[in-house]
Number of protein chains: 2
Amino acid sequence: MPAADLNIALIGFGTVGTGVAQILTHQAEHLTCQAGRQLNLRQIVVRNPTRYRERVPDGVRLSDSIDSVLDDDEIDLVVQLIGGTEPALDYVRRFLAAGKDIVTANKALICQHGDELFRTASKAGRTICFEAAIAGGIPVIGTLTTALTANRIEAIEGILNGTSNFILTHILNDQISYSAALQQAQQLGYAEADPTLDVDGTDAAQKLAILTQLAFSTTVSTDEIVRHGIENLELRDLQAAFSMGYKVKLLAVSRLHEGRLELSVQPTLISRSRTLSQIDGADNIVAITGDAAGRLRLAGAGAGQLPTASAVIADIVDIATGRAALTFQALMRSKNRTPVTVLPPDELCRRYYIRCTVDDRPHVLADFTDILGRHQISISSLHQDETCESDPKSRTACLVIMTHRTTEGRLRAAEADLAQLDCVRGSWLRMPVAE
Amino acid sequence: MPAADLNIALIGFGTVGTGVAQILTHQAEHLTCQAGRQLNLRQIVVRNPTRYRERVPDGVRLSDSIDSVLDDDEIDLVVQLIGGTEPALDYVRRFLAAGKDIVTANKALICQHGDELFRTASKAGRTICFEAAIAGGIPVIGTLTTALTANRIEAIEGILNGTSNFILTHILNDQISYSAALQQAQQLGYAEADPTLDVDGTDAAQKLAILTQLAFSTTVSTDEIVRHGIENLELRDLQAAFSMGYKVKLLAVSRLHEGRLELSVQPTLISRSRTLSQIDGADNIVAITGDAAGRLRLAGAGAGQLPTASAVIADIVDIATGRAALTFQALMRSKNRTPVTVLPPDELCRRYYIRCTVDDRPHVLADFTDILGRHQISISSLHQDETCESDPKSRTACLVIMTHRTTEGRLRAAEADLAQLDCVRGSWLRMPVAE
């Protein structure tokens, strides 16, 4: 006897929702074969139905209220594609209570309320899938929850935000400023009108928190993640890094150091010979190190209509076959098994890139390097740009320093002392070097 | 009620088998949590038990015959780790008949007899898993069969043989000959005493055939795959390619061209700016292009004890949870749905690298390029090395030619004509440039 059809409702019908509807419609036969049953898109819920009427496939009910989904006992699965936590949280709670499985691309929801929603779903015998919430079409959740089950995860490193990666790529390739690259990203649809959450690292930190919870069977909040954005980067930083053999990427890192977890999202110098540095444009990459599998790298389209829809549909098919329920049960068995301590950032030991502006007058470099030396920070290389300022009094110099390995704590203490020097002017930038 | 234990027998106890036993023993608690039931290694079958006695974990029965497994109704799952098709084929047939599920790392078996074994297993309600057969710890089978279900696959490209990739990497990096690099690989355990199947492309072709069958729901035999090995490559080829901006990799390609499938394993020039070219040493990479997900790249350890054992254990856990059975049923539903025509190699249109040795005397280059021109092959660049031979009569020159786009058919016709010229001496090498 063939399995009953799986009836689906879509909440939100923007870019990704349209892609999901398109694949469900155009690949119906292929998907039936994959899922072992027919996947029927039955309802779409949007705030303003009149705006969407023309794009809705034939036979799909369009409404402006989730009540029509809650009241329809034939809907098995809700694809929740609206962003932010409100009203998404309320909606998902109600869908779970009404006995629906959930597929979502909402990373903020999973990051902030995943624990509660997973417990609720588990008690109700329902399943929540969220492959599309992280790195678009790259199957990183599936890899962590099924392919690497034999492994103790040691580290996750990733370029998880396509917008900032696009901006960093174009600053360097087109030799333009941060703001020009941001404008370009906005014009091409890679950045939103308000790009804050992308460029300040919040988006990547939410994704890193979710991955960390899965990989290390623990609980972390985004507050525990050291976070620096790309807003203060200048073309000259990316050029200086490049000339020394590095590219700068907004790198998310979750790594065990003798039982304690390093957690950070920050612009990082990565050797140009490493795969991570070669992921350009809006692409994403996730590198997962397991004690058995070694270092696995997954790269691809981290966002976009069809890549994200591809992840959503994979989750739908997984729910249709019954695989997702089994994986979700395993996830619930292993959740929060391991309390993990976060490594205080001051203890992290790495090389650093420092760029700062100082007065261009005698003894400045001596004062400057004296302070670094007193904090046991050893200089690996130092470059001072020529300045074209004609008035000697207002002449400044830009120093670019690469340190040998030192702790973040020492560096912060040195920075506090350096700030007391009246020769140090304006902007100060520090980035770690990936090891 | 907790699920019953899953009882396992290992057939073969070499490098990978030892790794599997080690993870099952040392990570028992972690795996029970992942699998939702206890995974018990109950039996190991080897040809010569006395050799292995010391390495066998406590409580595991060691024997020299599969009869002890066939006779033991409590064994649910057989991990088949012996290579080659005989006696592996006979063994697997008998295990399936006895109602056991199968996990194997044997690519030759799956490539040559997968169709028969899958049908037998399906009829018996059993499951066959083979993630470990391709690219070690890289979850390429799982990605194709679960993560990309929404996609029509358009292309698979991969570096699937770690031995040849190790050799190519060391020829270039250490500036040594092919045979010196092969010797190094053998000393370090990356190549077998008889490396033929690795360096002539057979191993990669078997893996490509399996991936192609999964990705395109079709049947292909390795005979349909254009196959050239790396045995005729010289240091100067890799150097010449590098100086023009390329690295040479043994690239496996399965790509749809308007409904017809390009199938090849051959040394290929890949731009140094592409991720594929940056996979060095024994690592593997698989790039899968789907119509929705775009181009997904998976890279990691393509072989080795623990990475391969990681893939085997992931399959065991998948069988223990029940996921594997669901995935296998989907695989059987979609199998052989699409008859695909193989694209005749002569029609493939690409740029080519040609290296050949000619007499170093007047009019040779004119004769040579005249033939290329008559076959409509346009030269993009040509380099002639100086020779250090003192006797003018035996002086030869090495020509390295990059062509503009042309078909393989034209090139083969030109080669036949060139072979008639008495100025053309000895070795001739042709490699395509990846697009």
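All of these numbers come straight from a predicted model, not from anything done at the bench.

## Some details on the confidence of the model for chain A
Move 1: For chain A, per-residue confidence averages 94 on the pLDDT scale, and residues scoring 70 or more make up 98% of the total.
Move 2: Under the prediction, the complex receives an ipTM of 0.95, its pTM being 0.96.

## Looking at the packing of helix α15 (residues 364-374) of chain A against helix α16 (residues 408-420) of chain A
All names here are of chain A.
Move 1: Two elements in contact, α15 and α16, have axes whose closest approach is 9 Å; the angle formed by their N-to-C orientations is 150°. One finds that α15 runs roughly antiparallel with respect to α16. For the pair α15 and α16, the crossing hand works out as right-handed. Together, Phe368, Ile371 and Leu372 of α15 and Ala414, Asp417 and Leu418 of α16 make up the contact between the two elements.

## Description of the environment of Leu421 of chain B
Residue and element names in this part refer to chain B.
Move 1: Structurally, the position occupied by Leu421 is in the loop between α16 (408-420) and β19 (424-432).
Move 2: Note: C-alpha distance between Leu421 and Val364 (57 residues apart in sequence) is 9.1 Å.
Move 3: Those residues in contact with Leu421 that lie beyond four places of it in its chain are Asp367 and Phe368.

## Comments concerning the interface of chain A and chain B
Move 1: With 46 residues of chain A at the interface, the matching set in chain B holds 47 residues.
Move 2: The element contributing the most residues to the side of chain A that touches chain B is helix α13 (residues 305-321) of chain A, with nine residues.
Move 3: Residues that form the side of chain A that touches chain B fall into these classes: 21 nonpolar, 20 polar and five charged.
Move 4: Bridge analysis of strand β12 (residues 294-301) of chain A against strand β12 (residues 294-301) of chain B gives three bridges, and the strand direction is antiparallel. Paired with Ala299 of chain A across the two strands is Arg297 of chain B, which belongs to β12 of chain B.

## Some details on the sheet that holds strand β2 (residues 39-45) of chain A
All names here are of chain A.
Move 1: Strand order in the open sheet formed by six strands is β3-β2-β1-β4-β5-β6, and the pairing between neighbours is parallel. A strand with exactly one partner marks an edge of an open sheet, and here the two such strands are β3 (61-63) and β6 (128-129).
Move 2: When strand β4 (residues 77-80) meets strand β5 (residues 101-104), the two strands line up parallel, connected through four bridges. Residue pairing for β5: Val78 is matched across the bridge by Ile102.
Move 3: Running at roughly 170° to β4, helix α5 (residues 88-97) makes contact with β1 (6-11), β4 and β5 of the sheet.

## A look at the domain arrangement of chain A
The accessible area lost on association of the parts is a frequent measure of interface size.
All names here are of chain A.
Move 1: If you check the domain split of chain A, you get domain 1 (6-133), domain 2 (150-301) and domain 3 (346-433).
Move 2: Centre-to-centre, using C-alpha coordinates, domain 2 lies 25 Å away from domain 3.
Move 3: Domain 2 puts 11 residues into the contact, and the matching count from domain 3 is 11 residues.
Move 4: Contributions of two or more residues to the side of domain 2 that touches domain 3 are made by α12 (235-243) and β10 (260-271).
Move 5: Broken down by element, the residue count for the side of domain 2 that touches domain 3 peaks at five residues, all from β10.
Move 6: Taken together, the residues of the side of domain 2 that touches domain 3 sort by class into six nonpolar, three polar and two charged.

## Side note on the sheet that holds strand β6 (residues 128-129) of chain B
Sheets are built from strands that pair by backbone hydrogen bonding, the pairs being arranged parallel or antiparallel.
Residue and element names in this part refer to chain B.
Move 1: The strand order across the open sheet built from six strands is β3-β2-β1-β4-β5-β6, with neighbouring strands paired in parallel fashion. Pairing within the sheet leaves two strands with one partner each, and these edge strands are β3 (61-63) and β6.
Move 2: Here strand β2 (residues 39-45) pairs with β3 via three bridges, running parallel. When the bridges of β3 are listed, Ile44 appears paired with Leu62.
Move 3: Across the sheet, helix α5 (residues 88-97) is in contact with β1 (6-11), β4 (77-80) and β5 (101-104); its angle to β4 comes to roughly 170°.

## With respect to the relation of the copies chain A and chain B
Move 1: Taken as rigid bodies, chain A and chain B are interconverted by a rotation of 180° and an axial shift of 0.0 Å, the fit giving an RMSD of 0.0 Å. Here the transformation between the copies is reduced to the relation of a two-fold axis.

## Looking at the pairing of β2 of chain B
All names here are of chain B.
Move 1: Extensive coverage of β2 is indicated by the burial of six of its seven residues.
Move 2: Two strands pair when backbone bridges link them, and β1 and β2 are joined in this way by six bridges, in the parallel orientation. Pairing of Ile11 across the sheet is with Val45, part of β2.

Analysis parameters
Residues numbered from 1 in each chain as written. Chains lettered and ligands numbered in written order. Predicted model: local features only at pLDDT ≥ 70, side-chain atom pairs only at ≥ 80, totals over all residues. pLDDT = per-residue confidence, 0-100. Axes fitted to C-alpha atoms, helices over the stretch in contact; angles between N-to-C directions. Helix = DSSP H or I, 4+ residues; strand = E, 2+ residues; numbered from the N terminus. Parallel < 35°, antiparallel > 145°, perpendicular 65-115°, else oblique. Left-handed = near helix turned anticlockwise from the far one by under 90°. Contact = placed C-beta atoms within 7 Å. Nonpolar A, V, L, I, M, F, W, Y, C, P; charged D, E, K, R; others polar. Pairing = 2+ DSSP bridges. Domains from an automatic or database assignment. Least-squares fit on C-alpha atoms with pLDDT ≥ 70 in both. Buried ≥ 20, exposed ≤ 12 C-beta atoms within 10 Å, placed from the backbone.

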